[in-house]
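# Examining the three-dimensional arrangement
So you can see what is in the structure, the chains are spelled out below.
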Amino acid sequence: MKMPKIKTHRASAKRFRVTKTGKIKMNHAFTSHILTKKTTKRKRNLRKGAYASSANLKTIKKLIPYK
């Protein structure tokens, strides 16, 4: 009997993208509210994309299986 397919974790699929080289692209957190106490420089840098840390790669790739 074959193993069933692993379902994609839809919430993770909306938050992460896998690049061609296998890195995980994501957006920064802390950008939605309580912005008055954050500096302009900090908010500007949070707008830029980021890559997931190597510690979390295995977990994220399990949630969003890709080819």
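Let me sum up the structure you'll find in this document. These numbers come from a predicted model, not from an experiment.

What follows covers the overall build of the protein. The secondary structure content of the protein amounts to three helices and three strands. For the protein, the succession of helices and strands along the chain, N to C, is α-β-β-α-β-α. For 67 residues, the compact-globule formula gives about 11 Å, and the C-alpha radius of gyration of the protein, at 16 Å, lies well above that figure. Reported as C-alpha extents along the three principal axes, the dimensions of the protein are approximately 55 × 25 × 20 Å. Counting only residues that meet the buried cut, the protein has 18% of its 67 residues in that class. Considering only contacts in the protein between residues 6 or more positions apart, those separated by 24 or more positions represent 57%.

Pairing is antiparallel across the open sheet formed by three strands, whose spatial order is E1-E2-E3. Among the strands making up the open sheet, the edge pair consists of strand E1 (17–18) and strand E3 (49–51). As paired elements, strand E2 (residues 24–27) and E3 share three bridges and run antiparallel to each other. Residue pairing for E3: Met26 is matched across the bridge by Ala50.

Of all hydrophobic cores here, the largest spans six residues; its members are Ala13, Phe16, Ile24, Ala52, Ile60 and Ile64. Among residues more than four places away in sequence, those in contact with Ala13 are Thr8 and Ile64.

Our next topic: the environment of Lys62. By the secondary structure assignment, Lys62 is in helix H3 (residues 57–63). When the C-alpha atoms of Lys62 and Arg44 are compared, they prove to be 31 Å apart, with 18 residues separating the residues in sequence.

Mapped onto the elements of the fold, Lys38 is located in the loop between E2 and helix H2 (40–47). Its relative accessible area of 12% is what places Lys38 among the buried residues. A distance of 3.1 Å separates the side chain of Lys38 from the backbone oxygen of Phe30, its partner in a polar contact. A polar atom in the side chain of Lys38 sits 3.4 Å from the backbone oxygen of His33. Look past the residues within four positions of Lys38 in its chain and what remains in contact with it is Phe30, His33 and Lys43.

Moving on, we come to the environment of Ala11. Mapped onto the fold, Ala11 is located in helix H1 (residues 10–15). Overall, Ala11 belongs to the partly exposed group, its relative accessible area being 33%. Taking the C-alpha atoms as reference points, Ala11 and Ser53, 42 residues apart in sequence, are found 19 Å from one another.

About the criteria used
- Residues numbered from 1 in each chain as written.
- Predicted model: local features only at pLDDT ≥ 70, side-chain atom pairs only at ≥ 80, totals over all residues.
- Heavy atoms only, no water.
- Helix = DSSP H or I, 4+ residues; strand = E, 2+ residues; numbered from the N terminus.
- Rg over C-alpha atoms; globule rule 2.2 N^0.38 Å.
- Buried < 20%, exposed > 50% of the residue type's maximum accessible area, 1.4 Å probe, protein only.
- Contact = heavy atoms within 4.5 Å.
- Pairing = 2+ DSSP bridges.
- Core = buried A, V, L, I, M, F, W, Y, C linked by side-chain atoms within 4.5 Å.
- Polar contact = N/O pair within 3.5 Å; in protein donor to acceptor, adjacent residues only side chain to side chain.

The quantities given are spatial measurements derived from coordinates; they are silent on function.
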